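Here is how the chains run, residue by residue.
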Amino acid sequence: MTAHIEHTQSATPAPGPAPRVDSEVGPLRTVLLHRPGAELKRLTPRNNDQLLFDGVPWVDRAQEEHDAFAGVLRSRGVEVLLLGDELVRALHDDRARIAGVHSAVDERRLGIHLADALRSHLSGLAPEALATILTSGMTFEELPAAEGASLVRRMHQPGDFAVDPLPNLLFTRDSSVWVGDRVAITSLAMPARGRETALTDLIYAYHPRFAKTGRAYGAHSAPLEGGDVLLLAPGVLAIGVGERTTPAGAESFARSALADGLAHTVLAVPIAQQRATMHLDTVCTMVDRDAVVMYPAVRDNLFAYPVRQDGSGGVRVSGPSPFLEAAAEAMGIDRLRVIDTGLDAVTAEREQWDDGNNTLAVGPGLVVAYERNVETNARLEEAGVEVLRISGSELGSGRGGPRCMSCPIDRAPLV
Ligand SMILES: NC(=[NH2+])NCCC[C@H](N)C(=O)O
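Worth saying up front: this structure is predicted, and the values here are computed from it rather than measured.

**Here's the deal with the domain arrangement of the protein chain**
By a widely used convention, the size of an interface equals the accessible area lost when the partners come together.
Consideration 1: Looking at the assigned domains, one finds that the protein chain contains domain 1 (28-33 + 46-84 + 167-411) and domain 2 (85-163).
Consideration 2: With centres defined by C-alpha atoms, the gap from domain 1 to domain 2 works out at 32 Å.
Consideration 3: Each partner contributes to the interface: domain 1 provides 15 residues, whereas domain 2 provides 18 residues.
Consideration 4: Across the domain 1 to domain 2 interface the summed buried area is about 1500 Å²; carbon plus sulfur atoms make up 66%.
Consideration 5: Sorting the residues of domain 1 by area buried against domain 2 places Arg-195, Leu-202 and Tyr-206 first, and these three jointly supply 40% of that buried surface.
Consideration 6: Our count for the domain 1 to domain 2 interface comes out at zero salt bridges.
Consideration 7: At the boundary of domain 1 with domain 2, the tally comes to ten residue pairs in polar contact (both at pLDDT 80 or more).
Consideration 8: Sorting the residues of the side of domain 1 that touches domain 2 by element identifies strand E2 (79-82), helix H2 (83-90) and helix H8 (196-206) as the ones contributing at least two each.
Consideration 9: Ranked by the residues each element gives to the side of domain 1 that touches domain 2, the list is headed by H8, at five residues.
Consideration 10: Here the residues of the side of domain 1 that touches domain 2 are counted per class, giving eleven nonpolar, three polar and one charged.

**A short note on the packing of aromatic side chains**
Aromatic ring pairs are reported here in terms of the distance separating the ring centres and the angle at which the planes meet.
Consideration 1: All told, the structure shown has six aromatic pairs when counted by the stated rule.
Consideration 2: With a centroid separation of 6.4 Å and 40° between ring planes, the pair formed by Phe-53 and Phe-171 is classed as tilted. Residue Phe-53 is found in the loop between strand E1 (28-33) and helix H1 (59-75), and its partner Phe-171 is found in the loop between strand E4 (161-163) and helix H7 (172-175); the two are separated by 118 residues along the sequence. Accessibility classification places Phe-53 together with Phe-171 in one group, the buried group.
Consideration 3: Aromatic ring contacts, followed pair by pair, group Trp-178, Tyr-204 and Phe-210 into a single cluster.

Cut-offs and rules
Residues numbered from 1 in each chain as written. Predicted model: local features only at pLDDT ≥ 70, side-chain atom pairs only at ≥ 80, totals over all residues. Heavy atoms only, no water. Domains from an automatic or database assignment. Contact = heavy atoms within 4.5 Å. Buried area = accessible area lost by both parts, 1.4 Å probe. Salt bridge = Lys/Arg side-chain N within 4 Å of Asp/Glu carboxyl O. Polar contact = N/O pair within 3.5 Å; in protein donor to acceptor, adjacent residues only side chain to side chain. Helix = DSSP H or I, 4+ residues; strand = E, 2+ residues; numbered from the N terminus. Nonpolar A, V, L, I, M, F, W, Y, C, P; charged D, E, K, R; others polar. Phe/Tyr/Trp six-rings, centres within 6.5 Å; stacked < 30°, edge-to-face > 60°. Buried < 20%, exposed > 50% of the residue type's maximum accessible area, 1.4 Å probe, protein only.

Encoded structure:
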């Protein structure tokens, strides 16, 4: 588990309005994406399951698809930040380089001797070269020529990883999440993704653009992933609890968001603990102020435990109640519309698997979606939602759609 970088908030307010995210659908102004790179080239049929990909993507095509995704967002006036570039920028700070090197070198794997040699090698690298290793890892074969003999090195296969690659960095949704004007560094559940948050942590700590950004959630270690966090309305959060976010993660996040005044209600929503529904956003995303697109198979059996402050410093848990009712009540609306995809069970299951329910709202009633989910997209359009289609034949092999691949940093308020 990575220790969070201690972050001291400056008393001086940032010039201009600070970025903030209060909803899922407020007009998107700034978003963090990650253009996939050499880390995807590390995937093989032997390691793809462990690295959470369902196949071996064609990397050049994945990059083209991602460039098109970023292009669609830019064409709608969204500022796109790329994690790789922002990482390099942050690594210009010596403290960021120390934190990055510390996170990448695993003494349990390398032993003290080789770990020391690798640390001193990485510490001497320029920000660009270090960023490449932090994201795409390093094999034993690629290690610099070490002083003296290393049994560890001799006994490993040349292609074994001395530093693991992070192919799931593509899914920026999961490794940090903004609530109001604060950012929470999450705690990722799967071993293949654990180190991603060391990178988001150092970006938000040392990138000059984020020097004034406060933190939410603090140094909690209970698993919480951004794909499980939905900002249903200002002050109303839903948190999926399933394969990734645990009950402890949901409770810690709820307590800290309520105590910090970032929310008045947090809905903890149990979801099936399986790969197809690894996050709440694989079955439900918001497409308008009062509307969601939802996998029909869960529509009537999702429920929620509403968590609120009890008025004396603690929290009160109520429910369980049907999710759609609990959400509407917390949001202060009569009902939360569900775009009825009206699909037969097999088509619905296929399109859910291909992230049909995982849309990214660019504004109310305007979403980015994978083009392959023909039926779901048609139903969204029939319901009056504008759909910006992108192709995801290669991107989708990591099992994530437009919402998973984006971390909103700034959205205009809903009026
Ligand atoms: N927010 C999301 N649904 N993210 C999808 C993440 C996919 C990634 N391969 C994983 O298994 O972790």
